[in-house]
Amino acid sequence: MEASPHGSRVERMSRVDTAWLRMDNDVNLMMIVGVWLLTPSITLEALRERVNTRLLQYPRFRQRAVADASGAHWQDDEGFDIHHHVVPTALDRDEGETDRQALQRLCGDLATTVLDPHRPLWQFHLVDGYEGGSALIARVHHCIGDGIALISVMM
């Protein structure tokens, strides 16, 4: 680990995680997408607070992935703003579509939407009022962790 010229922490990315980052492209997003159905519902403010106190204790979720000539590295996002990562998302139903079908379509749309490469590579979308609770769609780039590691972090 070293300091960048701006004083933020820089850490080399592992070879495996660098491979995941480099495999990512417009037609092959290396993103893990998960859905939680929450009953009772959770407010956006409560979710942001929970993410802030629990998930953000892992530095990786506050760091950007930066490709460089020798691979890639993690760099602290000095302008980190939880509002870019935990966002309210509306569930728009097409005519004749159930809430479940609309949620599936939304998940498909989000699974094919690129994460902002200038920010840490994850985002949570909160759908309020889903089946008497909330739906939470998590999108996390595979370079942050594999599926098994992310499950234990998310729990």
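The structure reproduced in this document is the subject of the present report. (Residues numbered from 1 in each chain as written. Predicted model: local features only at pLDDT ≥ 70, side-chain atom pairs only at ≥ 80, totals over all residues. Heavy atoms only, no water.)

## Considerations on the nonpolar core
V51, F61, V86, W122, F124 and I144 are the most contacted members of the largest nonpolar core, which has 28 residues in total. Taken together, the elements giving at least two residues each to this core come down to α2 (44-53), β5 (71-76), β7 (122-130) and β8 (133-141). With sequence-adjacent residues up to four places away left out, W122 is seen in contact with V51, L55, L56, F61, F80, H85, V86, L115, R139, V140 and I144. Residues L106, C107, V127 and I137 belong to the second largest nonpolar core, which totals eight residues. (Core = buried A, V, L, I, M, F, W, Y, C linked by side-chain atoms within 4.5 Å. Buried < 20%, exposed > 50% of the residue type's maximum accessible area, 1.4 Å probe, protein only. Helix = DSSP H or I, 4+ residues; strand = E, 2+ residues; numbered from the N terminus. Contact = heavy atoms within 4.5 Å.)

## A few points about the environment of E11
By secondary structure assignment, the location of E11 is in strand β2 (residues 9-12). Along the sequence, E11 and D76 sit 65 residues apart, while their C-alpha atoms lie 9.1 Å from each other. What E11 contacts, discounting residues up to four positions off in sequence, is R60, Q63, H73 and W74.

## Structural notes on the layout of surface pockets
Its boundaries defined by the atoms lining it, the largest pocket holds a volume of some 440 Å³. Of all the secondary-structure elements, those providing two or more residues to the lining of the largest pocket are β3 (31-38), α2 and α4 (147-154). Among the residues forming the lining of the largest pocket, the class breakdown is 12 nonpolar, two polar and two charged. Reported here for the second largest pocket is a volume of approximately 220 Å³. (1 Å grid on protein atoms, 1.4 Å probe; cavity = no way out; pocket = protein on both sides within 12 Å on 5 of 7 lines; lining within 4 Å. Points joined across faces, edges and corners; volume = space filled by probe spheres on them. Nonpolar A, V, L, I, M, F, W, Y, C, P; charged D, E, K, R; others polar.)

## Let's talk about α2
Within the span of α2, buried status applies to L44, L47, R48 and V51. Looking straight down α2, one finds its buried side chains confined to an arc of 100 degrees; they lie on one side. Contacts from the buried residues of α2 go to β6 (86-88), β7 and β8. (Arc of directions from axis to C-beta.)

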